[in-house]
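# Coordinate analysis (summary)
Spelled out from the first residue to the last, the chains are:
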Amino acid sequence: MIINHGVRGSTPTCNINTSFYGGATPCVEIVTNEAQIILDCGTGFSKVNFSNDLPSIILLSHFHHDHIQGLPFNQTLSKNLNKIFISTALFNKDKLKKTLITYFSPPFFPINFFNEFSNINFIDFKDLKKSFTNFNLESFKLNHPGEAFGYSLIINNKKFCYLLDNEFYDDQLSSLKDFCEGSNSIIWDGMYTEQELKSKKGWGHSSIEQGLKFAEETNLNNLIISHHSPNRTDQQLNDLSKKYLNYEIEFASENKDLKIWTD
Ligand SMILES: [Zn+2]
Ligand SMILES: [Zn+2]
């Protein structure tokens, strides 16, 4: 199972015009036989139901608000804390812990959140990779202010890539193609249209059209456009879906199983 719990970039945008695709910020949940893996903790993270049976891994791409702001708001997080691991390829475990404690303490947060969750396991990414043998986990340094890492996961010979947040540039084509080679599904940062991107250079995001071009040039035809702009309405996303009907891309919507591991 692989579910998008949050597909909106930058800030939660839940209103009548975004209710179909969804307004929660990024969170993807993958459940395998060996582990429950959660990519990013935007506000969509509140919908993750922590497993009683499997170990759970929270993997963060980076620390911008929209990718961590949901962390304290999951009602099931307190189950089996000793089976919950938090990691990122961006920082070692000490810096990861310090960063999250700072963010979720006064004056940014009412209480010191991690006082109540002191037995969560902060783990270095390299150690995390060694700890789980039934899946192959890799990271890719994305082009984003302050840096961010994308991830790929191979389970049962099927590959999934998560590439939020990334400002694609032509010199990235070859290395990103290599990283995504053989993917069954790729989550692509399509926050902007090509027109919008002109005034947003350096903000760290790509366009939908760059995703299409990447798919065409690499023959990787399983792009799921996500991190939708907060301004993008359901109507606009429906119009874009119609416009690109002949391409093998789709626009991410909340609560939909991507089904690459179900057959
Ligand atoms: Zn973001
Ligand atoms: Zn970001």
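Quantities reported herein were computed from a predicted structural model and do not represent experimental measurements.

## Quick look at the overall build of the chain
Secondary structure summary: the chain contains seven helices and 12 strands in total. Taken along its principal axes, the extent of the C-alpha atoms in the chain is 50 × 40 × 35 Å. Counting only residues that meet the buried cut, the chain has 43% of its 263 residues in that class. Long-range contacts, defined as pairs at least 24 residues apart, comprise 63% of the intrachain contacts of the chain with a sequence gap of at least 6.

## With respect to unusual backbone geometry
With an omega of 5°, the peptide bond running from Pro106 to Pro107 counts as cis. By the element assignment, Pro107 lies in the loop between helix H2 (93–103) and strand S6 (121–122). Of note, the amide linkage connecting Leu164 to Asp165 takes the cis form, showing an omega dihedral of -5°. Mapped onto the elements, Asp165 comes out in the loop between strand S9 (158–163) and helix H4 (173–180).

## Considering the sheet that holds strand S2 (residues 27–31)
With mixed pairing, the six strands of this open sheet are ordered in space as S1-S2-S3-S4-S5-S6. Sheet topology places strand S1 (2–6) and S6 at the edges, where each strand pairs with a single neighbour. Strand direction decides the pairing type here: S1 and S2, joined by four bridges, are antiparallel. In the strand pairing of S2, Gly6 is matched with Cys27.

## So, the environment of Thr99
The residue Thr99 is located in helix H2 in this model. Classification of Thr99 by C-beta neighbours within 10 Å gives partly exposed; the count is 16. Note: C-alpha distance between Thr99 and Asn33 (66 residues apart in sequence) is 31 Å. If we skip the residues at most four places from it in the chain, Thr99 touches Phe63 and Phe91.

## Details of helix H6 (residues 208–218)
Every buried residue of H6 is listed here: Ile208, Gln210, Gly211 and Phe214. Summarising the axial view, the buried residues of H6 lie within an arc of 160°, below the 170-degree limit, and thus occupy one face. Away from its buried face, by an angle of more than 90 degrees, H6 presents the exposed residues Glu216 and Glu217. Those residues of H6 that are buried are in contact with strand S10 (185–189), strand S11 (223–226), helix H7 (234–243) and strand S12 (249–251). Of the residues flanking the end of H6, it is Asn219, one or two places downstream, whose phi is positive at about 60°.

## What to know about the pairing of strand S4 (residues 56–60)
Among the five residues of S4, five are classified as buried, and the element is accordingly described as predominantly covered. Across the two faces of S4 the burial is the same, with Ser56, Ile58 and Leu60 and Ile57 and Leu59 all buried. As judged from the four bridges shared by strand S3 (residues 36–39) and S4, these two strands associate in the parallel manner. Among the inter-strand pairings, Leu39 is bridged to a residue of S4, identified as Leu59. Across five bridges, S4 lies against strand S5 (residues 84–88) in parallel orientation. The residue of S5 that forms the bridge with Ile58 is Ile86.

## Section: the nonpolar core
One finds Ile38, Ile58, Tyr162, Ile186 and Ile187 to be the most contacted residues of the largest nonpolar core, which totals 57 residues. Looking at which element gives the most residues to this core, the answer is strand S8 (residues 148–155), with five residues.

## Some details on the sheet that holds S11
Here six strands make up an open sheet; going across it, the order is S7-S8-S9-S10-S11-S12 and the pairing mixed. Each of the sheet's edge strands pairs with one partner strand only, and the pair in question is strand S7 (136–142) and S12. If you compare each strand with its neighbour and ignore which way they point, the axes differ by 20° on average. Relative to S8, S7 runs antiparallel, the two being bridged by seven bridges.

## A few points about the environment of Trp203
Structurally, Trp203 is set in the loop between helix H5 (194–197) and H6. Judged by local crowding, Trp203 falls into the partly exposed class, with 14 C-beta atoms found within 10 Å. When the C-alpha atoms of Trp203 and Asn166 are compared, they prove to be 9.3 Å apart, with 37 residues separating the residues in sequence.

Cut-offs and rules
Residues numbered from 1 in each chain as written. Chains lettered and ligands numbered in written order. Predicted model: local features only at pLDDT ≥ 70, side-chain atom pairs only at ≥ 80, totals over all residues. Helix = DSSP H or I, 4+ residues; strand = E, 2+ residues; numbered from the N terminus. Buried ≥ 20, exposed ≤ 12 C-beta atoms within 10 Å, placed from the backbone. Contact = placed C-beta atoms within 7 Å. Pairing = 2+ DSSP bridges. Arc of directions from axis to C-beta. Core = buried A, V, L, I, M, F, W, Y, C linked by C-beta atoms within 7 Å. Axes fitted to C-alpha atoms, helices over the stretch in contact; angles between N-to-C directions.

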